Amino acid sequence: MNETMVCAVGNVATQPVFRELASGASARFRLAVTSRYWDREKSAWADGHTNFFTVWANRQLAANATASLNVGDPVVVQGRLKVRTESREGQQVRTSADIDAVAIGHDLARGTSAFRRSNRPEPAVAGTPTRPEPDWETPAADPLEPEPDTPRRREPAGVT
C-alpha cells in the first residue's frame, strides 16, 4: 500500500465530537501544529506558521480520544495523511488535510498523564474461547542451583 503515514505533534484545537455510526464509533477534532524556529535577530525562539489538521478516529480509539482529550492538550497523532481538494460552483477551491488516526496520545514532553485501561467489550458470540490467563507462578528451584543461604560469587556485568 502506498499510504502517507505521518506523526504530528501539536495541540487539540477543538473539543472532540463523538458519533455512533452504523459502521461503528467515530470521533473528530482539529489539531493545531505550530512550527518554532530560532530568531537570530531577537536571540529567542519564535512561532512560525500554524497548520490545522482534522483528525479522525474510529472504533475504540474514538471513544478513548473523546474521553481523554480536551482543548489545549498537547498530543502526538500518528496516522494516514489525506489531502482533499474540493471546488464548489461560485466559490474558491478548498484544500483540507485530514489525518486518519492509528494512535493518539498525550505529549509527555510537555506534561504528565495518568493512563487507565478501557474495558474491552465482551465477545459477541457465546461460547467463544477467551485467551487463557498466563501462568505467573515462579518456577520451582533448579536442583543444580546452590541453596539460597549459600553465598554466590559475583560475576562482572557484561556490556553488549
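Residues numbered from 1 in each chain as written. Predicted model: local features only at pLDDT ≥ 70, side-chain atom pairs only at ≥ 80, totals over all residues. Heavy atoms only, no water.

A. Highlighting the overall build of the protein. A count of helices and strands for the protein gives 1 helix and 6 strands. Of the regular secondary structure in the protein, the N- to C-terminal order runs β-β-β-β-α-β-β. Here the protein holds 160 residues, and the buried ones make up 19% of them. Sequence separation of 24 or more characterises 56% of the internal contacts of the protein that already satisfy a separation of 6 or more. Of the roughly 13,700 Å² that the protein leaves accessible, carbon and sulfur atoms contribute 51%. (Helix = DSSP H or I, 4+ residues; strand = E, 2+ residues; numbered from the N terminus. Buried < 20%, exposed > 50% of the residue type's maximum accessible area, 1.4 Å probe, protein only. Contact = heavy atoms within 4.5 Å. Areas by Shrake-Rupley, 256 points an atom, 1.4 Å probe, with all protein chains shown as cover.)

B. The arrangement of the pairing of strand 1 (residues 5-12) in detail. Taken together, the 7 bridges between strand 1 and strand 5 (residues 74-86) define a ladder with antiparallel strand orientation. What sits directly across from Met-5, in strand 5, is Arg-80. Strand direction decides the pairing type here: strand 1 and strand 3 (residues 24-39), joined by 2 bridges, are antiparallel. Bridge pairing in strand 3 links Val-12 to Leu-31. (Pairing = 2+ DSSP bridges.)

C. Region of the structure containing the nonpolar core. In terms of nonpolar packing, the biggest core is built from 13 residues, with Phe-29, Leu-31, Val-55, Leu-69, Val-75, Val-77 and Ile-99 touching the most fellow members. With 3 residues, the top contributor of residues to this core is strand 3. Apart from the residues lying within four places of it in its own chain, the contact partners of Val-77 are Val-6, Cys-7, Ala-8, Phe-29, Leu-31, Val-55, Ile-99, Ala-101, Ala-103 and Ile-104. (Core = buried A, V, L, I, M, F, W, Y, C linked by side-chain atoms within 4.5 Å.)

D. Spatial organisation of the environment of Thr-66. Relative to the elements of secondary structure, Thr-66 occurs in helix 1 (residues 59-68). Classification of Thr-66 by relative accessible area gives partly exposed; the value is 26%. As a C-alpha pair, Thr-66 and Phe-29 span 37 residues in sequence and 9.1 Å in three-dimensional space. When residues no more than four places from it in sequence are discounted, the contact partners of Thr-66 are Pro-16, Phe-18 and Ala-27.

E. The environment of Met-5, seen in detail. Take Met-5: it is sitting in strand 1. On the accessibility criterion, Met-5 (42% relative accessible area) is partly exposed. Those residues in contact with Met-5 that sit more than four places away from it in its chain are Gly-79, Arg-80 and Val-102.

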